[in-house]
Amino acid sequence: EYLNLSNKQKVVINLWHIETFEGGSNSRAKFLEKQAIKFNKENNNCFISVSTLTEEQLFLNLKENKLPDMFSFAVGSGYLISSYLQKLDNNSQIRKDLINYGKIGDNLIAYPYILSGYCVISHNSLLIDDNLNNFISNTTNKKEIKGITYSKDNFINTSKVLIKNNYKNLNKSDYLFANSTYEAYLNFINKKSISLLGTARDVSRCKNREKNGKLSSCKYIFLPNYSDLIQYVGVSKTIEKEKKNYALEFSKFLTLPTSQLDLKNYGLFSTTDVKLYKTDYMCDFEDELKKELTSINVFTNKKDIDFENENCFNNLFNV
């Protein structure tokens, strides 16, 4: 197929995929690569190359005026690329409660195409009276076990999802600090905390450990109302003319049912009205995220992100 392009010009689109939060059970980059292959089958002269970058690598490339044709990104990197993205057409596939977070003013410049969510995971053996609202520390075998752990020093606003779900007046002494979402997960696994405020990735990890007998039974409370765990796609203003239409089509392709249904294989959720899960805990998780969500504009700058994160943490713990 590569050699038999019916005399069409070969088009290669470079897509930079930047991750600023943990995803689901499998790689979002692999999801993009799979969609790129499917898109190529419909457009056999168009090839999409996916490169995964850290936020720091993105910054350094932009500093050297290096740009891709397309970006896949989330909150924490969006503010770095907002001036490089072109306006997109409205997209009726995307949920109305999510689409505005990819806008600057009235201009839509990024489509949300992957959704994840938050969950409170607790050790059943450590819960007292099954009351999760207080996240109160307790002592077992003379060892203090903190009430809750999560990372607050990153791009996602973990405290806000608790506030949006009416958790309040928590005691800061019950909170166990973590430098990253993975460190928070390790705190929980090692029973340094009763509960973990985690993401879909943590749900997948804990469920797998339970299944393999490496973790005692846990309670899962899937949180509605708020999620900033959203991946977006946008097209560069500097894209070459012969690539532009393909890039715009691929950005829409990612939001079509044919692509969104594949998210089921990655432990993630749709930004459209597609229903992915029919049974089990992922169905319950999806039902909560199907309710109307609030989020943060993906182009919010780091200073404002940090301020809002600290403000929400202080309000939650009455600091």
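Being a predicted model, the structure only gives us computed values, none of them experimental.

S.K.: Which parts of the structure should I look at to understand the environment of Asp202?
M.R.: Note that Asp202 resides in helix H7 (residues 200–211). Taking the C-alpha atoms as reference points, Asp202 and Tyr185, separated by 17 residues in sequence, lie 6.8 Å from one another. With near-sequence residues (within four places) excluded, Asp202 lies in contact with Glu22, Ile121, Thr181, Tyr185 and Leu196. Only 2.9 Å separates the side chain of Asp202 from the backbone nitrogen of Thr199, close enough to count as a polar contact.

S.K.: Hey, could you run me through the pairing of strand S13 (residues 230–235) in this one?
M.R.: Here is the key point about a regular strand: its side chains alternate between the two faces of the sheet. The buried fraction of S13 is high, at six of six residues. The side-chain alternation of S13 yields two buried faces, one formed by Ile230, Tyr232 and Gly234 and the other by Gln231, Val233 and Val235. Across four bridges, strand S3 (residues 70–73) lies against S13 in antiparallel orientation. Along S13, the bridge assignment pairs Ser72 with Val233. Pairing analysis gives four bridges linking strand S6 (residues 111–115) to S13, with the strands arranged antiparallel. By the bridge assignment for S13, Leu115 is matched with Ile230.

S.K.: Sorry if this is basic, but what is going on with the packing of helix H6 (residues 181–189) against H7 here?
M.R.: Each pair of packed helices gets described by two things: the angle between the helix axes and the distance between those axes. The N-to-C vectors of H6 and H7 enclose an angle of 30°; their axes lie 11 Å apart at closest approach. With respect to H7, the element H6 is oriented roughly parallel. When the axes of H6 and H7 are compared, the crossing they make is right-handed. Contacts from Thr181, Tyr182, Tyr185, Phe188 and Ile189 in H6 reach Asp202, Arg205, Cys206 and Arg209 in H7.

S.K.: Is there a simple way to think about the state of the cysteines in this case?
M.R.: Any covalent bond linking the sulfur atoms of two cysteines counts as a disulfide. Tallied over the entire structure, the rule returns zero disulfides. You can see Cys218 has no disulfide; the closest cysteine sulfur is in Cys206, sitting 5.5 Å from it.

S.K.: I tried to follow unusual backbone geometry on my own but got confused; where do I start?
M.R.: Outside of glycine, negative phi angles account for most residues, and trans bonds account for most peptide bonds. Positive phi, close to 65°, is recorded for Lys142, a residue that is not glycine. Within the fold, Lys142 resides in the loop between strand S8 (138–140) and strand S9 (143–151). The phi angle at Asn225 is positive, at roughly 80°, despite the residue not being glycine. Of note, Asn225 is situated in the loop between strand S12 (218–223) and S13.

S.K.: I tried to follow the side chain of Glu22 on my own but got confused; where do I start?
M.R.: If you trace the backbone, Glu22 turns up in the loop between strand S1 (11–18) and helix H1 (28–42). Only 3.3 Å separates the side chain of Glu22 from the side chain of Thr181, close enough to count as a polar contact. Setting aside residues up to four positions removed in sequence, Glu22 forms contacts with Arg28, Thr181, Tyr182, Thr199, Arg201, Asp202 and Arg205.

S.K.: What is the right way to look at the sheet that holds strand S2 (residues 46–53) in this model?
M.R.: Picture the strands of a sheet paired through backbone hydrogen bonds; they go either parallel or antiparallel. Spatially, five strands are ordered S2-S1-S3-S13-S6 in an open sheet, and the strand pairing comes out mixed. Every interior strand has two partners, whereas the edge strands, S2 and S6, have only one. On average, each strand axis in the sheet is inclined to that of its neighbour by 20°, with strand direction left out of account. Where S1 meets S3, three bridges bridge the pair, whose relative direction is parallel. Each bridged residue has a counterpart across the sheet, and for Trp16 the counterpart in S3 is Phe71. Along the sheet, helix H2 (residues 55–63) makes contact with S1, S2 and S3, crossing S2 at roughly 115°.

Procedures and definitions
Residues numbered from 1 in each chain as written. Predicted model: local features only at pLDDT ≥ 70, side-chain atom pairs only at ≥ 80, totals over all residues. Heavy atoms only, no water. Helix = DSSP H or I, 4+ residues; strand = E, 2+ residues; numbered from the N terminus. Contact = heavy atoms within 4.5 Å. Polar contact = N/O pair within 3.5 Å; in protein donor to acceptor, adjacent residues only side chain to side chain. Buried < 20%, exposed > 50% of the residue type's maximum accessible area, 1.4 Å probe, protein only. Pairing = 2+ DSSP bridges. Axes fitted to C-alpha atoms, helices over the stretch in contact; angles between N-to-C directions. Parallel < 35°, antiparallel > 145°, perpendicular 65-115°, else oblique. Left-handed = near helix turned anticlockwise from the far one by under 90°. Disulfide = S-S within 2.5 Å.

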